[in-house]
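Structural overview for review
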Amino acid sequence: MTGMTTFTAEDDTYAGFDSTGKYFGYFGLAAGAVGITGWAAIHGHLPGLKPADAMDQFFLGAMEWIGIGLFVILGVATLGSLILSSKSRGTVTVDDLGVTRQIGERKGKLHWQEIEGYVVISAGIALVPREGSQMIEIPRSLDDYRGCIAEIEARGVSRLPPSRLKRC
């Protein structure tokens, strides 16, 4: 088999235009605003909202803690979606020399003789190097994911057990 084939990742749903991560971020900001409003009212920084009785104080305290808690949780979820998004983008090039994975300006390459095999992971596959090289993850979001795997297997790269990832 000779030549070079480039596979491109499709648009991701994690942090793109119409994505889950974007909504995590929006709801997190709204929850943070509610939390800060509750905090400001309890500490007297909002002259129009002064808690008069215990029930008002309880309500504003709940606003503060629940709002800030949701802000933190949704902030972590947004960060997670951005990480997943960065891993699911880019291109994978399979050629006579090896496999190249490029995400923006970052590029990783493994030559065929450096690849021990691959392990199936939740987001696609991971090419496991023999030693001294960086592992390359190939995302499931490629335009022809199965074709990419078939080309890699045609070069003699075989599937390894998941325990091989622990060594990397």
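For clarity, every value in this text was computed on a predicted model and none was experimentally measured. Residue numbering note: each chain is counted from 1, following its sequence as written. Local features in this predicted model are restricted to residues of pLDDT 70 or higher, and side-chain atom pairs are both shown and tallied only at a pLDDT of 80 or more, whereas totals for entire chains, interfaces and linings draw on every residue. The side-chain values count all of the structure's non-hydrogen atoms but skip hydrogen atoms and water molecules.

Quick look at the side chain of T93
Strands here mean DSSP runs of E at least two residues long; helices mean DSSP runs of H or I at least four residues long; both are numbered from the N terminus. As for its placement among the helices and strands, T93 is situated in strand β2 (residues 91-94). We call two N or O atoms a polar contact when they sit within 3.5 Å, provided that within protein one can donate a hydrogen and the other can accept it, with sequence-adjacent residues counted only if both atoms are side-chain atoms. Here the side chain of T93 touches T6 through a polar contact of 3.3 Å, side chain to side chain. The contacts of T93, once residues within four sequence positions are left out, are M4, T5, T6, G98, V99 and T100. Between two residues, a contact is recorded if the distance between any of their heavy atoms is within 4.5 Å.

Some words on the packing of aromatic side chains
Between 30 and 60 degrees the pair is tilted, below 30 it is stacked and above 60 it is edge-to-face, where a pair is any two Phe, Tyr or Trp rings, Trp via its six-membered ring, whose centres lie within 6.5 Å. One pass over the structure, following the stated rule, counts one aromatic pair. A ring pair is formed by Y23 and Y26, whose centres lie 6.3 Å apart and whose planes are at 75 degrees; its orientation type is edge-to-face. Of this pair, Y23 and Y26 both sit in helix α1 (residues 20-42), separated by three residues, roughly a single helical turn.

What to know about the pattern of salt bridges
We count a salt bridge whenever a side-chain nitrogen from Lys or Arg sits within 4 Å of a carboxyl oxygen from Asp or Glu. Tallied over the entire structure, the rule returns two salt bridges. Of the charged contacts in the structure, one is a salt bridge between K109 and D95, with a shortest N-O distance of 3.7 Å. Placement of K109 in strand β4 (residues 106-111) and of D95 in the loop between β2 and β3 (98-103) is noted, with a sequence separation of 14 residues between them. Given the relative accessible area of 34%, K109 is considered partly exposed. Salt-bridge contacts for D96 lead to R155; the nearest nitrogen and oxygen are separated by 3.4 Å. We call a residue buried when its accessible area falls under 20% of the maximum for its residue type, exposed when it is over 50%, and partly exposed in between, using a 1.4 Å probe and counting protein chains only.

Some words on the nonpolar core
Side-chain atoms within 4.5 Å are what join buried Ala, Val, Leu, Ile, Met, Phe, Trp, Tyr and Cys residues into a set we call a nonpolar core. With 19 residues, the main nonpolar core has V99, L127, I138 and I152 as its most contacted residues. Elements with a minimum of two residues in this core: β2, β5 (115-121), β6 (124-129), β7 (136-139) and α3 (145-154). Top contributing element to this core by residue count: α3, with four residues. Discounting residues that sit within four places of it in the chain, I152 has contacts with V94, V99, W112, I125, L127, I138 and V157.

Brief notes about the pairing of β7
With four bridges connecting them, β6 and β7 associate as antiparallel partners. In the sheet register, A126 faces β7, and the bridge partner there is E137. When DSSP finds two or more bridges between a pair of strands, those strands are recorded as paired. Count of turn residues in the β6/β7 antiparallel hairpin: six residues, of which G132 carries a positive phi of about 80 degrees.

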